[in-house]
Amino acid sequence: MFSRPTRGLLDFSLAVLCLWTAWHHTPAGALVRRGTAWALGRSSTARPLLSYYEGTGGAVVPRFPPGSPASPLPPLVGAAPVLVSGAPPLAQGTFLALKGLAAEARAPVHALAGELGLAPGALLDEAKGPEAARRLLEALAPEFPEEEVRLAALFAGPIPTRYALARVTAEGGTPSLEHLARHWPSGLEAATGAAAQALALATAFGLAWPVPEHTPVSSPFGYRLHPVLGTRKLHTGVDLVVREGSEVLAVAEGRVRRASEDAVNGRVLIIDHGRGVTTAYCHNSELLVRPGERVARGALVARSGNTGRSTGPHLHYQLALSSQPVDPLRFRTRSRPPPLAGTAGEP
């Protein structure tokens, strides 16, 4: 086969190694792998590598499939949600979603507020808004006990929601926001988006913390100078200073979407909590759950470590709403962890 068998075998082995490297460690190979997986209807491991070259700093940014309930979620209202002490998560999320609505789309909410004697201005007030939202939701609770139906009645109005609920019930479907919106008249698209946003925000406000509350933060969310590459990049989570092997807990009930390892995130875990909310836990030393497994709030899901592209033991914790990374510290209803400068971090 070869004129010089030893040299020929060596050249052949090197060629195979180059092809393997190109297939697994270059953008072109990752694109081919993703295209092949899509054509065959299989999952692909190319996403972390593509994320790195797309400039996301190697952070995991979960993607939701088209048509999922999370897909219509509009951008978050402002960069820093205002936390009101004692406000229930659903009321806080409803208040922020209401602030993002155009004035004409607030008509059903204003009508309900008028029946309760609430001034329209109170609904958008930073201090009074969450309490006003709580009162509106409580007024709708006797007729609409399910949260999604109650939010539908708040943003779209009780009459369209009663009609939609009757249709969904007659069809034997689940009274979810997605099913109700299919039976609403045209012109209520903004109400659908606002209700979906309120659900996602409420879920985020209700999350626990993956490590003890007092754990210091070595690197917060936002743009920063990359500790390895030396360039300015978006840090899509928070780095929490914990010793290697520390317990990592699920911040809410959910289903494990990913439990694997890559060169950037190390041993990484992604949990889908529903309503467009996912959390990611990166650089672990050990993963204790598998993809598809359901986990309870507070369940031990991993042990922290120093795997992947990391400069020291820590946990990179990330929160995403409808595939958009957001600052998890903005949704802390308890005291925030203290900052700690000059400690280990990751891209």
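The name given to the protein in an unreviewed UniProt entry is Cell wall endopeptidase, family M23/M37, and the organism recorded there is Cystobacter fuscus.

Moving on: the nonpolar core. Leu240, Tyr281, Val301, Tyr317, Leu319, Leu321 and Phe331 are the most contacted members of the largest nonpolar core, which totals 35 residues. Not counting chain neighbours up to four residues away, the residues in contact with Leu319 comprise Ala204, Leu207, Val277, Thr278, Thr279, Gln324, Pro325, Val326, Pro328 and Phe331.

Below, the discussion takes up unusual backbone geometry. The phi dihedral of His283 is positive, around 70 degrees, even though this residue is not glycine. Secondary-structure assignment places His283 in strand 8 (residues 277-287). Judged by its relative accessible area of 0%, His283 is buried. Its identity as a non-glycine residue notwithstanding, Ser322 has a phi of 50 degrees, on the positive side. Inspection of the secondary structure puts Ser322 in the loop between strand 11 (315-321) and strand 12 (324-326).

Attention now moves to the side chain of Thr215. Looking at the secondary structure, you find Thr215 in the loop between helix 11 (189-205) and strand 1 (217-219). Judged by its relative accessible area of 5%, Thr215 falls in the buried class. Here the side chain of Thr215 touches Pro212 through a polar contact of 2.8 Å, landing on its backbone oxygen.

Quick look at the pattern of salt bridges now. On inspection of all chains with the given rule, the structure shows 13 salt bridges. The shortest N-O distance in the salt bridge between Glu178 and Arg182 comes to 3.6 Å. Owing to a relative accessible area of 29%, Glu178 belongs among the partly exposed residues under this scheme. Shared partners join several salt bridges into a network, and the residues in it are Glu131, Arg134 and Glu138.

Okay, the packing of helix 8 (residues 147-156) against helix 11 next. Working note: a packed helix pair is described by the angle between its axes plus the distance between those axes. Interhelical geometry of helix 8 versus helix 11 gives an angle of 140 degrees and a closest axis separation of 9 Å. Between helix 8 and helix 11, the crossing angle belongs to the class labelled oblique. In this structure, helix 8 meets helix 11 at a crossing whose hand is right-handed. Residues Glu148, Leu151, Phe155 and Ala156 of helix 8 touch helix 11, and the partners they reach there are Ala191, Ala194, Ala195, Ala198 and Leu199. When its residues are assigned to classes, the contact of helix 8 with helix 11 shows eight nonpolar, no polar and one charged.

Conventions adopted
Residues numbered from 1 in each chain as written. Predicted model: local features only at pLDDT ≥ 70, side-chain atom pairs only at ≥ 80, totals over all residues. Heavy atoms only, no water. Core = buried A, V, L, I, M, F, W, Y, C linked by side-chain atoms within 4.5 Å. Buried < 20%, exposed > 50% of the residue type's maximum accessible area, 1.4 Å probe, protein only. Contact = heavy atoms within 4.5 Å. Helix = DSSP H or I, 4+ residues; strand = E, 2+ residues; numbered from the N terminus. Polar contact = N/O pair within 3.5 Å; in protein donor to acceptor, adjacent residues only side chain to side chain. Salt bridge = Lys/Arg side-chain N within 4 Å of Asp/Glu carboxyl O. Axes fitted to C-alpha atoms, helices over the stretch in contact; angles between N-to-C directions. Parallel < 35°, antiparallel > 145°, perpendicular 65-115°, else oblique. Left-handed = near helix turned anticlockwise from the far one by under 90°. Nonpolar A, V, L, I, M, F, W, Y, C, P; charged D, E, K, R; others polar.

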